[in-house]
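Structural characterization, general
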Amino acid sequence: MANITVSDSLRNFVPRGPKLIRVKGKKLLTWAAIEEFQQRKKEKGYAVQVGDISGSTGMQGDGMNIFEPYQLGRWDFHRALVRDFKKVKDNQKAFEKWVPEFAECCGDLFYDWPAAGHLGLGSLLEDWFAELEILESAIEAIDSGKGKTLKDPKVLATSIAKTKITGPPVLSQQLKRFTYPDLNFKHQKRSKESVLALGAESLIGFCWLLVAREIEMGIKYVECRSFSIPHKDAHSGLQVDGCGRWVPNINPKGNPMTVCSKGCSTRADRAAKKAAKKPAK
Ligand SMILES: [Zn+2]
């Protein structure tokens, strides 16, 4: 059992106008703002730096958002992602509609700055599918009590002498691909000491850090106390059947949780009070 410290470093850029395009026979998720940015870069030679997001790229002001899952406390991000993926994975059209919708609110799955991605445009749709399937099978393994198998060395081949040739376990491999050691993370904001944490390079990395916590630290997820209490969603203003979110028994900040938000806490308490009053009548 290892203690996994998740760094708060991930700032996922959410440019304007996510869309699927076809490049060299492959489908790619890109963004209108990134295309304009690359166009401008071409016109000016290479004078435009990645950090230069001002001016006509439209990547400032209302065009530019940043999604920070740690700061937002999206501790069930991996599980919610897999739940949504499962709804569309068997229908190509639905899947292709869902990816840009997801990207509109959260950004790209593989690049915190999509211009650093494939061909300077974004990520390949086939990578989305393949990686979400790996994530899905990891969560299924955890839920069927076999999470530890993700720590088993992967058998790549068996030699003639029947010796197994193995590669790194899935969990180590995914952490190696999508995370990095962050030496500057201060777990307690007021503390002067840094700890060696793992930082997510992208949203998929953030997912694998949450998976690693479940496997290594025995973190358990349960439904938020307000999971199925109907209410008006504060963000969208729409009536919803419940928040539909899960909470970890201990979150990456080290705090126990039973509700996902303040709103849910109020709702759950109100519902509990109401239920307690009823039998007295
Ligand atoms: Zn909730």
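Just so it is clear, the structure is predicted and the values come from calculations on it, not from any experiment. (Residues numbered from 1 in each chain as written. Predicted model: local features only at pLDDT ≥ 70, side-chain atom pairs only at ≥ 80, totals over all residues. Heavy atoms only, no water.)

**Let's talk about the overall build of the protein**
This is how it is decided: Helix and strand definitions follow DSSP, with helices as H or I runs of at least four residues and strands as E runs of at least two, each counted in order from the N terminus. Three labels apply to residues, based on accessible area from a 1.4 Å probe with only protein chains included: buried if under 20% of the type maximum, exposed if over 50%, partly exposed otherwise in between. Pairs of residues are marked as contacts when any of their non-hydrogen atoms sit within 4.5 Å. Accessible surface is estimated by sampling points in the Shrake-Rupley manner with a 1.4 Å probe; for residues, cover comes only from the protein chains shown.
Helix and strand counts for the protein stand at seven helices and 13 strands. Each principal axis of the C-alpha distribution contributes one length, and for the protein these read about 75 × 60 × 50 Å. A buried classification covers 44% of the 281 residues belonging to the protein. Contacts in the protein between residues far apart in sequence, at least 24 positions, make up 62% of those at least 6 positions apart. As displayed, the protein has an accessible area near 15900 Å², and 53% of this comes from carbon and sulfur atoms.

**Considering the coordination of the zinc ion**
Counted only if it meets this: The rule for donors is simple: an N, O or S atom within 2.8 Å of the metal counts, and for Na, K and Ca the reach is 3.2 Å. Water is not among the atoms, so a site may look short of donors. Think of it this way: with four donors and all angles in the 85 to 135 degree range, the site is tetrahedral; with four or six donors, opposite ones beyond 155 degrees and the rest between 65 and 115, it is square planar or octahedral; otherwise it is irregular.
Distances from the zinc ion to its protein donors, Cys-224 (SG), Cys-243 (SG), Cys-260 (SG) and Cys-264 (SG), fall at 2.2 to 2.4 Å. Around the zinc ion, the four donor atoms sit at angles spanning 103 to 116°, and that spread fits a shape best called tetrahedral.

**A short note on the environment of Asp-152**
Within the element layout of this structure, Asp-152 appears in the loop between helix H4 (125–143) and strand E6 (154–158). Along the backbone, Asp-152 and Val-170 are 18 residues apart, and their C-alpha atoms lie at a distance of 7.7 Å. Setting aside its immediate chain neighbours within four residues, Asp-152 contacts Pro-169 and Val-170.

**A look at helix H6 (residues 203–217)**
This is how it is decided: What a helix is expected to span follows from its residue count: subtract one and scale by 1.5 Å.
For H6, with 15 residues, the first-to-last C-alpha span of 21 Å sits near the 21 Å given by 1.5 Å per residue. In the stretch just after H6, Gly-218 is the one whose phi turns positive, near 65°.

**Overview of the domain arrangement of the protein**
Heads up, the condition is: Where each domain begins and ends follows an automated or database-derived domain assignment. Summed over both partners, the accessible area lost on bringing two parts together, with a 1.4 Å probe, is the buried area. What makes a salt bridge here is a side-chain nitrogen of Lys or Arg within 4 Å of a carboxyl oxygen of Asp or Glu, nothing more.
The assigned domain composition of the protein is domain 1 (12–219) and domain 2 (220–281). On a C-alpha basis, the centroid separation for the pair domain 1 and domain 2 is 28 Å. Facing 15 residues of domain 1, the contacting portion of domain 2 comprises 12 residues. Summed over both partners, the interface of domain 1 with domain 2 buries about 1300 Å², with 56% contributed by carbon and sulfur atoms. Its largest share of buried area at the contact with domain 2, domain 1 owes to Trp-75, Asp-76 and Ile-219, together 45% of the area lost on that side. There are one salt bridge connecting domain 1 and domain 2. For the salt bridge of Asp-76 with Arg-245, the shortest nitrogen-to-oxygen distance reads 3.5 Å.

**Some words on the sheet that holds strand E5 (residues 123–124)**
Spelled out, the test is: What makes two strands pair is DSSP finding at least two bridges between them. Fitted lines through C-alpha atoms give the axes, limited to the stretch in contact for helices. The angle between two N-to-C directions lies from 0 to 180 degrees.
In spatial order, the strands read E2-E3-E5; together these three strands make up an open sheet with antiparallel pairing. Each edge of the open sheet carries a strand with a single partner, namely strand E2 (18–23) and E5. With respect to the sheet, helix H1 (residues 32–43) is in contact with E2 and strand E3 (26–31), its orientation differing from that of E3 by roughly 85°.

**Things to note about the environment of Ile-139**
Note on placement: Ile-139 falls in helix H4. Expressed as a C-alpha distance, the spacing of Ile-139 and Ile-215, which sit 76 residues apart in the sequence, is 9.9 Å. Not counting the four nearest positions on each side in its chain, Ile-139 is found in contact with His-78, Arg-79 and Val-82.

**Quick look at the pairing of E6**
Of the pairings in the sheet, the one linking E6 to strand E7 (residues 164–167) comprises four bridges and is antiparallel in character. Following the sheet pairing, Thr-158 is matched in E7 by Lys-164.

**Structural notes on the packing of helix H2 (residues 77–88) against helix H3 (residues 92–106)**
Condition: Here roughly perpendicular refers to angles of 65 to 115 degrees, roughly parallel to angles under 35, roughly antiparallel to angles over 145, and oblique to all remaining angles. If you view the pair so one helix is near and one far, a crossing is left-handed when the near helix is turned anticlockwise from the far one by less than a right angle, and right-handed when it is turned clockwise. The classification used treats Ala, Val, Leu, Ile, Met, Phe, Trp, Tyr, Cys and Pro as nonpolar, Asp, Glu, Lys and Arg as charged, and all other residues, Gly among them, as polar.
Their axes nearest at 9 Å, the elements H2 and H3 cross at an angle of 155°. When the axis of H2 is compared with that of H3, the two are roughly antiparallel. Considering only the axes of H2 and H3, their crossing is right-handed. Between H2, through Phe-77, Leu-81, Asp-84, Phe-85 and Val-88, and H3, the contact on the second element is made entirely by Ala-94, Phe-95, Trp-98, Phe-102 and Cys-106. In terms of residue class, the contact of H2 with H3 is built from nine nonpolar, no polar and one charged.

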